[in-house]
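# Chain and residue survey
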Amino acid sequence: MSSPPRSSPLAPKRQRGRDRVTAIFEAATALFAEKSYEAATMTEIAARSNTAIGSLYRFFPTKEVLAAALLERYGERLLAALDALIDRDPPLSPADAANGLLGIIQRLRTERSVVLSLIDRGIVWQSGEEPLRAALIARMSRLLSRLGGTPGPHDERAVMLLHLVKAIFALPQDGSSPQSAQDGEAGTVLRLYLESAVGTEPHR
């Protein structure tokens, strides 16, 4: 009697396997961004990542399992990037923090766009969306504390900062305005909000 198909990815144990999974994730993200989740095939993902189709299915038995794993990976990468920013030494200034947040947005913008499209198509977080939201608010609270503010665990400033970051993530990338100018304005908005939130003297 055959075993039922797996509904979760296979975690690689060796570095070679982890590198292969990373290549698969990057190929899937690029193809989902270019063609959509529905149009991209596992065969194309295998070819783009230089992975044998059998190896791809060994790690990810279905495209839906791969898509769900992409959601989890995005959350992990976002939290890790925020932790690296918050723990930077020496302590950050509001301008440093604004530039750091903008850098995270720039690096993960395409990945986030793919994640949102997957959610729209019914792909669900294995661990649920609410734990990620709570973790993000906690990171924003830690960032404000590191800048000299005194936010509590449910401080509205942390929630507002998260919404501001999400709004900048969602800015259109259609070429209607120069990217450098748009990013410059976004960085200024972030810096001004951080200065206000922690009560520092605004930079002129």
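Right, let's walk through the structure included here.

Calculation notes
Residues numbered from 1 in each chain as written. Predicted model: local features only at pLDDT ≥ 70, side-chain atom pairs only at ≥ 80, totals over all residues. Heavy atoms only, no water. Helix = DSSP H or I, 4+ residues; strand = E, 2+ residues; numbered from the N terminus. Salt bridge = Lys/Arg side-chain N within 4 Å of Asp/Glu carboxyl O.

Let us now look at unusual backbone geometry. Look at Ser36: it is not a glycine, yet its phi comes out positive at around 95°. Inspection of the secondary structure puts Ser36 in the loop between helix 1 (15–35) and helix 2 (42–48). Although it is not a glycine, Asn50 adopts a positive phi angle of roughly 55°. Relative to the helices and strands, Asn50 resides in the loop between helix 2 and helix 3 (53–59).

If you walk through the whole model with that rule in mind, you get 9 salt bridges. When the shortest N-O distance is used, the salt bridge between Glu34 and Arg48 registers 2.9 Å. Here the residue Glu34 occupies a position in helix 1, and Arg48 occupies one in helix 2, the gap between them amounting to 14 residues. Close ionic contact of Arg139 with Asp83 constitutes a salt bridge, the shortest N to O distance being 2.9 Å. Residue Arg139 is located in helix 6 (residues 129–146), and its partner Asp83 is located in helix 4 (residues 63–86); the two are separated by 56 residues in the primary sequence. A single salt-bridge network, built from bridges that share partners, covers Asp83, Asp87, Arg139 and Arg142.

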